[in-house]
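Chain by chain, the residues:
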Amino acid sequence: MTIREQLEEREVKYLSPYAALSSRTKGRMKEEPQCDIRPVFQRDRDRILHCKAFRRLKQKTQVFLLPSGDHYRTRLTHTLEVSQNARTIAKALRLNEDLVEAIALGHDLGHTPFGHAGERALNSVYHFSHQKQSLRVVDCIEKEGKGLNLTWEVRDGILNHQTAGHPHTLEGQVLRLSDKLAYIYHDMDDAIRGGILTEEDIPTDIRKVLGSSCKERLNRMVHDVITTSMDRPEICMSPAVERAMADLRRFMFDNVYLNPKAKGEEDKAVHMIEQLFDYYMKHPEALPEQFRKSLELTDISREQVVCDYIAGMTDSYAVKKFQDYFVPESWKI
């Protein structure tokens, strides 16, 4: 018996009857030999961790555009915090930690530079959503267009990680909630650090239910998910905590996500992305070789290829390309 088979046997004996088992995966898009050491979901986690798109998350906006402080979240640190929330919940519920971690590490790979501002910009010129783009990254952009060939369960979790999504595994449901818990926690923490809000600005009724600090609120919400979902075939929260979380999320939209002080530069970012899109549509020869080759395929539009390239840019790279194309350089002898 291989190490992988021993680990798969351990899952059968230990995990919840509602957990997704590695040995019962619905499989990959292309069949391939099994690893002798790692079960399939662990192997997917490793593939995502080592891919280039994952490394680029460190220079992509979470909420604050190009923050000057060292301690504001980026898309990478957001991803890691989502992963930690998901693993904590999955371990307590005896679900498959490898699966929730793989989904967590891959869920935002398709996010644009400049966060949701970049996503809005691409959606205004082409029907774009970051969850579908994350799936494109792992299916057909990474590894020079070959993709990562992930399992059905990981791909399903990535595609359905937003609030309106409907993941088919409990691990995917854990990730969908963990994503929300993470950004509510850390975006509030960053907003307080940046002087956008103070703790006292948060409505009293929300603080009574969830707690009077970012740490207390995250702890309360994670505990509530675990206790409410224990030994049940769905991942959920108690009505009172779910209402308070929804109220806090609305408060965040009104006071942080739409706050001119925090988001005043977003119009510039949107303009930059739109200009880059227009430039590459008119000058496809400026695209890297991998994307030029994609233009030769009959089942993909030029708009999609340009979106693929721009969505993969980091904030700083997008600024550099905009400067290259639209900002004149100083004359040099």
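Look up a bit, the structure's there.
Residues numbered from 1 in each chain as written. Predicted model: local features only at pLDDT ≥ 70, side-chain atom pairs only at ≥ 80, totals over all residues. Heavy atoms only, no water.

Q: How would you explain the overall build of the chain if you had to name every residue and give the values?
A: Looking only at helices and strands, one finds 17 helices and zero strands in the chain. The C-alpha atoms of the chain give 21 Å as radius of gyration, which agrees with the globular expectation for 333 residues (20 Å, within 12%). With the principal axes as the frame, the chain shows a C-alpha extent of 70 × 55 × 35 Å. A total of 333 residues make up the chain; the buried ones form 54% of that total. Entry remark: accessible area of the chain is about 16500 Å², with carbon and sulfur atoms responsible for 51%. In the chain, the 49 positive side-chain charges and the 51 negative ones have mean positions that sit 2 Å from each other. (Helix = DSSP H or I, 4+ residues; strand = E, 2+ residues; numbered from the N terminus. Rg over C-alpha atoms; globule rule 2.2 N^0.38 Å. Buried < 20%, exposed > 50% of the residue type's maximum accessible area, 1.4 Å probe, protein only. Areas by Shrake-Rupley, 256 points an atom, 1.4 Å probe, with all protein chains shown as cover. Lys, Arg positive; Asp, Glu negative; His and termini not counted. Charge placed at Lys NZ, Arg CZ, Asp CG, Glu CD.)

Q: Any details on the layout of surface pockets? Residues and values, ideally.
A: Approximately 580 Å³ is the volume found for the largest pocket. In terms of lining, the largest pocket is formed by 29 residues, of which the most central are His116, Gln162, Tyr183, Phe253 and Tyr257. At the level of elements, helix 4 (75–92), helix 6 (115–125), helix 9 (170–193) and helix 12 (239–257) are the ones that each hand at least two residues to the lining of the largest pocket. Counted by class, the lining of the largest pocket contains seven nonpolar, eleven polar and eleven charged residues. (1 Å grid on protein atoms, 1.4 Å probe; cavity = no way out; pocket = protein on both sides within 12 Å on 5 of 7 lines; lining within 4 Å. Points joined across faces, edges and corners; volume = space filled by probe spheres on them. Nonpolar A, V, L, I, M, F, W, Y, C, P; charged D, E, K, R; others polar.)

Q: Can you lay out the pattern of salt bridges for me, pointing to particular residues and giving the numbers?
A: All told, the structure shown has 30 salt bridges when counted by the stated rule. With its nearest N and O atoms 3.0 Å apart, the salt bridge here joins Asp190 to Arg193. Of this pair, Asp190 and Arg193 both sit in helix 9, three residues apart, roughly one helical turn. According to the relative accessible area criterion, Asp190 is buried, its value standing at 2%. The partner of Glu199 in a salt bridge is Arg207, with the nearest N and O atoms 3.5 Å apart. (Salt bridge = Lys/Arg side-chain N within 4 Å of Asp/Glu carboxyl O.)

Q: Any chance you could break down the nonpolar core for me, citing the residues and the numbers?
A: Counting residues in each nonpolar core, the largest one holds 66 residues, and the members touching the most others are Leu109, Val154 and Leu181. Residue contributions to this core peak at ten residues, all from helix 9. Residue contacts for Leu181: discarding those within four places in its chain leaves Asn85, Ile89, Leu218, Met221, Val222, Val225, Met237 and Met245. Core analysis: the second largest hydrophobic core is formed by 27 residues, Ala269, Val270, Phe291 and Tyr309 among them. (Core = buried A, V, L, I, M, F, W, Y, C linked by side-chain atoms within 4.5 Å. Contact = heavy atoms within 4.5 Å.)

Q: I'd like to hear about the packing of aromatic side chains, residue by residue, with values.
A: Summed over all chains, the structure comprises nine aromatic pairs. Seen in terms of ring centroids, Tyr280 and Tyr309 are 5.3 Å apart; in terms of plane orientation they differ by 80°. Their pairing is edge-to-face. In this pair, Tyr280 sits in helix 14 (residues 266–282) while Tyr309 sits in helix 16 (residues 302–311), placing the two residues 29 residues apart along the sequence. Of the two residues, Tyr280 and Tyr309, both sit in the buried class. Plain terms: the ring middles of Phe322 and Phe326 are 5.0 Å apart, the flat faces sit at 40° to each other, and that makes the pair tilted. Of this pair, Phe322 and Phe326 both sit in helix 17 (residues 315–326), four residues apart, roughly one helical turn. Taken together, Tyr279, Tyr280, Phe291, Tyr309, Phe322, Tyr325 and Phe326 form an aromatic cluster joined through their ring pairs. (Phe/Tyr/Trp six-rings, centres within 6.5 Å; stacked < 30°, edge-to-face > 60°.)

Q: Give me helix 11 (residues 214–229): which residues, what numbers.
A: Helix length check: helix 11 (16 residues) gives 23 Å between terminal C-alpha atoms against 22 Å at 1.5 Å per residue, within 8%. For helix 11, the secondary structure elements touched by its buried residues are helix 4, helix 9, helix 10 (204–210) and helix 12. Asp231 occupies a position one or two residues after helix 11 and carries a positive phi of about 60°. (Expected span 1.5 Å × (residues − 1).)

Q: Could you give me a rundown of unusual backbone geometry, with the residues and numbers involved?
A: Positive phi, normally seen in glycine, also occurs at Lys143, with a value near 55°. Judged by its relative accessible area of 52%, Lys143 is exposed. At Asn149, a residue that is not glycine, the phi angle is positive and equals roughly 55°.

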